[in-house]
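Architecture at a glance
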Amino acid sequence: MLSIKNLEAGYGKVKVLHGVSIEVPKGRVVTLIGSNGAGKTTTMKAISGMLAPSAGEITLGGKNIFGLESHRIARQGLAHSPEGRRVFPTLSVADNLLLGAFPRLTGSRARGDVQNDLERAMDLFPRLKERRQQQAGTLSGGEQQMLAMARAVMLNPDIILLDEPSMGLAPILVDEVFRIIRRLKEEGVTMLLVEQFAAAALAVADYGYVLENGRIAVQGPAEQLKTDPAVVAAYLGGG
Ligand code: ATP
């Protein structure tokens with residue numbers, strides 16, 4: 001599905017990624033963990049076209065997406081729910097969600113039934129359903145983060161990149177975010193997940209990669225990483 005080989009990217013002269021290779025097979029959840037500054041967000045941005053990668057290969061369903069502009073990559077069926085809360089504050093929750101479907105309508109992908117997708121998103125995110133007519137800017141921070149995630153779901157994508165969906169959320173909302181990720185997984189949605197809660201990410205993922213200083217240091221089935229002594233010591237609060 002999504003295949004990344006020897007990806008290099010950075011900011012100006014500063015190189016952050018030094019040849020990152022990641023495979024996300026169809027229907028699987030793959031997680032990318034690592035300490036602050038390891039380059040997780042940079043990896044996600046370079047995949048989705050928010051940042052121009054400098055070298056490597058990226059294919060989605062066998063088609064090259066390396067270096068394409070982000071809106072073209074979205075049309076190919078890749079949704080990126082970025083770190084932070086990117087919503088349109090003066091629009092309602094429902095309108096924010098409808099805008100999530102927009103790239104699909106302008107692309108070559110099937111139109112599908114956007115209204116049905118909206119209902120599905122509301123079912124997945126009951127908190128948003130109750131607030132569908134409310135201005136997005138008046139939602140709590142956590143609710144705005146869920147709205148950003150729901151908008152990615154509205155693209156009805158082949159794959160979703162989720163960058164720290166639980167960041168800054170109260171524990172009860174963190175549980176809800178992971179419940180939603182599990183549900184999406186059950187529905188067969190392919191996901192690449194970056195998470196600060198490595199244990200929770202490995203619990204939901206099939207496979208994991210550990211990024212250290214812009215390089216993949218360890219990779220393996222999530223079950224295996226959960227018990228890998230080095231991973232436990234560095235990322236799972238063991239020692
Ligand atoms: P975190 O969990 O803290 O978000 P991360 O693994 O996602 O960490 P990145 O955000 O990818 O890390 O950052 C990797 C490196 O790139 C860091 O050293 C960071 O300072 C640098 N960096 C990130 N964004 C920019 C930018 N816009 N301009 C310059 N340097 C940047």
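Residues numbered from 1 in each chain as written. Predicted model: local features only at pLDDT ≥ 70, side-chain atom pairs only at ≥ 80, totals over all residues. Heavy atoms only, no water.

In the nomenclature of an unreviewed UniProt entry, the protein is known as Branched-chain amino acid transport system ATP-binding protein of Pollutimonas bauzanensis. In its Sequence similarities (unreviewed entry) section, the UniProt record describing the protein reads: "Belongs to the ABC transporter superfamily." (UniProt positions renumbered as here; feature names shortened; annotations may be inferred.)

Applying the stated criterion across every chain yields a total of one cavity of 30 Å³ or more. Here the largest cavity is characterised by a volume of approximately 50 Å³. The wall of the largest cavity is formed by 10 residues, among which S81, P82, Q145, D163 and P165 lie closest to the centre. Of all the secondary-structure elements, those providing two or more residues to the lining of the largest cavity are α7 (141-154) and β7 (159-163). Here the lining of the largest cavity takes three residues from α7, the largest share from any one element. Tallied by class, residues from the lining of the largest cavity come to five nonpolar, three polar and two charged. (1 Å grid on protein atoms, 1.4 Å probe; cavity = no way out; pocket = protein on both sides within 12 Å on 5 of 7 lines; lining within 4 Å. Points joined across faces, edges and corners; volume = space filled by probe spheres on them. Helix = DSSP H or I, 4+ residues; strand = E, 2+ residues; numbered from the N terminus. Nonpolar A, V, L, I, M, F, W, Y, C, P; charged D, E, K, R; others polar.)

Take the site of the ligand next. Every residue lining the ligand is accounted for by Y11, V16, S35, N36, G37, A38, G39, K40, T41, T42, E83 and E164. Within the side chain of Y11, a nitrogen or oxygen atom sits 3.4 Å from a nitrogen atom of the ligand. A distance of 2.8 Å separates an oxygen atom of the ligand from a polar backbone atom of G39. Summarising the interface, the protein chains cover 58% of the accessible area of the ligand, which totals 630 Å² for the free molecule. Looking at which element gives the most residues to the shell around the ligand, the answer is helix α1 (residues 40-48), with three residues. Looking at the shell around the ligand residue by residue, the classes come out as three nonpolar, six polar and three charged. (Near = heavy atom within 4 Å. Polar contact = N/O pair within 3.5 Å; in protein donor to acceptor, adjacent residues only side chain to side chain. Areas by Shrake-Rupley, 256 points an atom, 1.4 Å probe, with all protein chains shown as cover.)

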